[in-house]
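Report on the structure
Residues per chain are reported as follows:
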Amino acid sequence: MHSTASDGALSPQALTDVCHAKGVTRFSLTDHDTVAGVTEAQRHAESLGMRCLAGSELSTLWRGIGIHVVALLPEGASGALLSGLEAQARARDARAEEIARRLEKIGLEDALARAREQAGSERPLGRPDFAKALVAAGLVPDMPTAFKKYLGAGKPGDVKTHWPYLSEVVEWIRDSQGIAVLAHPLRYRLTHRKRGQLLDAFREAGGEAAELISGHQNADVGRDLARQLEARDLMGSQGSDFHYPGGPLAPGVMSAPPRCSVTPVWRHPRLARFAA
Ligand code: AMP
Ligand code: MN
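- Named according to an unreviewed UniProt entry, the chain is PHP domain-containing protein originating from Chromohalobacter beijerinckii.

Spelled out as structure tokens, the structure:
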């Protein structure tokens with residue numbers, strides 16, 4: 001789930017309150033390329049008798065494709081991961097400048113300042129901030145159109161060149177005794193075969209799990225993915241990818257996993273204390 005530490009709408013504390021209201025007792029806060037919201041969520045979760053696992057969703061590249069890796073961090077972030085996250089924040093700043101240059105060419109004046117205004121804080125900018133700026137300026141009618149025309153995969157505002165290689169990020173995570181989870185493998189529009197190659201590369205790099213369920217997804221493709229995880233002995237995770245209230249997703253609400261023999265990632269030995 002995401003909070004105001006990245007592109008989520010709720011503060012870590014408010015998000016924790018929503019989880020509590022939904023009956024969630026264990027969750028991970030996985031903001032894009034940062035752990036800045038984790039301490040606040042953990043403190044509040046503990047005061048409500050819940051547990052929040054430190055996490056982050058890191059932006060990476062594999063064969064030129066933007067791939068997200070969720071870090072589950074029972075020991076928090078340290079060493080190579082901490083410096084890696086600092087580098088990700090700088091990469092986001094450089095990327096935002098490049099996105100702004102490109103959007104100015106299509107008519108969004110002062111794009112960087114407008115995206116900053118939409119973010120409403122000094123946190124590193126993401127594509128949704130630019131999407132909101134395009135909507136506010138009247139250049140597109142809504143967010144989905146902003147991504148479809150300008151910010152989605154392959155469009156002018158889709159700047160990926162600043163992200164580190166997938167294997168490097170997995171190494172950072174392992175350096176903090178974290179568990180690397182491949183985020184939403186079905187969202188990269190890969191063929192079955194290429195998705196298999198991605199899972200192989202991820203496993204080879206030290207990745208241990210993949211999201212079997214992310215938000216809402218079709219049961220048929222879920223079964224195919226489950227077989228790919230079973231074949232590689234990867235554990236399975238589930239995430240709502242919650243960003244804001246009022247949409248189709250809520251904390252703790254996601255599609256049911258397919259029947260399979262994939263081991264849930266919360267049975268990972270390093271998560272025993274969290275899951276207890
Ligand atoms: P960034 O981390 O800056 O690349 O932004 C990624 C975020 O953009 C995701 O977490 C989504 O919230 C949002 N996003 C990406 N693609 C789309 C899309 N096609 N439509 C709507 N939102 C999207
Ligand atoms: Mn993602």
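Quick notes on the nonpolar core
- Judged by nonpolar contacts, the single largest core of 54 residues is most densely connected at Phe 27, Leu 58, Ile 67, Leu 72, Ile 173, Leu 198 and Leu 229.
- Among the elements that take part in this core, strand E3 (residues 65–72) stands out by supplying six residues, more than any other.
- Counting residues in hydrophobic clusters, the runner-up holds 18 residues, among them Ala 96, Ile 99, Ala 100 and Ala 115.

Thoughts on the pattern of salt bridges
- Applying the stated criterion to the full structure yields ten salt bridges.
- Where Asp 224 meets Arg 195, a salt bridge forms, and the shortest distance between an N and an O atom there is 2.8 Å. Of this pair, Asp 224 sits in helix H9 (residues 219–232) while Arg 195 sits in helix H8 (residues 192–205), and the two are 29 residues apart along the sequence.
- Judged by its relative accessible area of 19%, Asp 224 is buried.
- One connected set of salt bridges, linked through shared partners, spans Glu 98, Arg 101 and Arg 102.

Observations concerning the state of the cysteines
- Summed over the entire model, instances satisfying the criterion amount to zero disulfides.
- Cysteine Cys 19 remains unbridged, with the sulfur of Cys 52 as its closest cysteine sulfur at 8.3 Å.
- Residue class for Cys 19 comes out buried when judged on its relative accessible area of 0%.

Notes on the sheet that holds strand E4 (residues 179–182)
- Overall, mixed pairing links the six strands, which are arranged E1-E2-E3-E4-E5-E6 in an open sheet. Looking at strand neighbours, the two that pair on one side only are strand E1 (26–29) and strand E6 (235–239), the edges of this open sheet. Taking each pair of neighbouring strands and ignoring which way they run, the sheet shows an average axis angle of 35°.
- Pairing analysis gives two bridges linking E4 to strand E5 (residues 209–214), with the strands arranged parallel. Looking at the pairing, Val 181 lines up with Ala 209 of E5.
- Contacts between helix H7 (residues 166–175) and the sheet are confined to strand E2 (51–62), E3 and E4, with E2 contributing the most and set at about 155° to the helix.
- Across the face of the sheet, H8 comes into contact with E2, E3, E4 and E5 while running at roughly 175° to E4.

Comments concerning the site of ligand 1
- The environment of ligand 1 is formed by Asp 7, His 32, Arg 92, Arg 95, Gly 126, Arg 127, Pro 128, Phe 147 and His 243.
- Arg 92 is positioned such that a nitrogen or oxygen atom in its side chain is 2.8 Å from an oxygen atom of ligand 1.
- His 243 places a side-chain nitrogen or oxygen 3.4 Å from an oxygen atom of ligand 1.
- Coverage of ligand 1 by the protein chains reaches 69% of its 500 Å² of free accessible surface.
- Within the residue set of the shell around ligand 1, elements represented by two or more residues are helix H3 (79–105) and helix H5 (127–136).
- Within the shell around ligand 1, the residues separate by chemical class into two nonpolar, three polar and four charged.

Some words on the packing of H7 against H8
- Interaxial distance between H7 and H8 falls to 9 Å at its minimum, and their mutual angle equals 40°. As summarised for this structure, H7 and H8 are arranged oblique, according to the angle between their axes. For the pair H7 and H8, the crossing hand works out as right-handed. In contact with Leu 166, Ser 167, Val 170 and Arg 174 of H7, H8 contributes Leu 198, Phe 202 and Ala 205.

Re unusual backbone geometry
- Even without a glycine there, the phi angle at Arg 63 is positive, about 50°.
- Summarising the element assignment, Arg 63 is placed in the loop between E2 and E3.
- The backbone of Arg 189 shows a phi angle near 50°, a positive value even though the residue is not glycine.
- Examined against the element boundaries, Arg 189 turns out to sit in the loop between E4 and H8.

Quick word on the coordination of the manganese ion (ligand 2)
- Only Glu 57 (OE), His 68 (ND1) and His 184 (NE2) from the protein reach the manganese ion (ligand 2) as donors, at distances of 1.9 to 2.4 Å.
- Between the donor residues of the manganese ion (ligand 2), the gaps in sequence give the motif E-x10-H-x115-H. Highlighted residues: Glu 57 in strand E2 and His 68 in strand E3, separated in sequence by eleven residues.

Cut-off values and rules
- Sequence order as written defines residue numbering, which begins from 1 separately in each chain.
- Each chain is given a letter, starting from A, and each ligand a number, starting from 1, according to the order in which they appear as written.
- Residue-level local features of this predicted model are given only where pLDDT is at least 70; pairs of side-chain atoms are given and counted only at 80 or more, and the full residue set underlies all totals for whole chains, interfaces and linings.
- Note that water and hydrogens are dropped before the side-chain values are worked out from all heavy atoms of the structure.
- Nonpolar cores are built from buried Ala, Val, Leu, Ile, Met, Phe, Trp, Tyr and Cys residues. Side-chain atoms within 4.5 Å join them into one set.
- Think of it in three bands: residues with accessible area under 20% of the maximum for their type are buried, residues over 50% are exposed, and the middle band is partly exposed, with areas taken using a 1.4 Å probe on protein chains only.
- Strands here are runs of E lasting at least two residues and helices are runs of H or I lasting at least four, both read from the DSSP assignment and numbered beginning at the N terminus.
- Salt bridges, as used here, are contacts in which a Lys or Arg side-chain nitrogen is within 4 Å of a carboxyl oxygen on Asp or Glu.
- Note on disulfides: each one is a pair of cysteine sulfur atoms within 2.5 Å.
- For two strands to be treated as a pair, DSSP must find no fewer than two bridges joining them.
- For helices, the fitted axis covers only the stretch in contact; all axes are lines through C-alpha atoms, and the angles between them, taken along N-to-C directions, range from 0 to 180 degrees.
- By definition, residues are in contact when any of their heavy atoms lie within 4.5 Å.
- A cutoff of 4 Å decides nearness: a residue is near a molecule or strand if any of its heavy atoms lies inside that distance of it.
- Polar contacts here mean pairs of N or O atoms no more than 3.5 Å apart (in protein, one a potential hydrogen donor and the other a potential acceptor; neighbouring residues in sequence count only if both atoms are side-chain atoms).
- Accessibility throughout is a Shrake-Rupley quantity obtained with a 1.4 Å probe, and a residue counts as covered only by protein chains that appear here.
- For this classification, the nonpolar set comprises Ala, Val, Leu, Ile, Met, Phe, Trp, Tyr, Cys and Pro, the charged set comprises Asp, Glu, Lys and Arg, and every other residue, Gly included, is treated as polar.
- Roughly parallel refers to an angle under 35 degrees, roughly antiparallel to one over 145, roughly perpendicular to one between 65 and 115, and oblique to any angle outside these ranges.
- Crossings are assigned a handedness: left-handed for a near helix turned anticlockwise from the far helix by less than a right angle, right-handed for a clockwise turn.
- Because no water is among the atoms considered, metal sites can look incomplete, with donors defined as N, O and S atoms within 2.8 Å of the metal, or 3.2 Å for Na, K and Ca.

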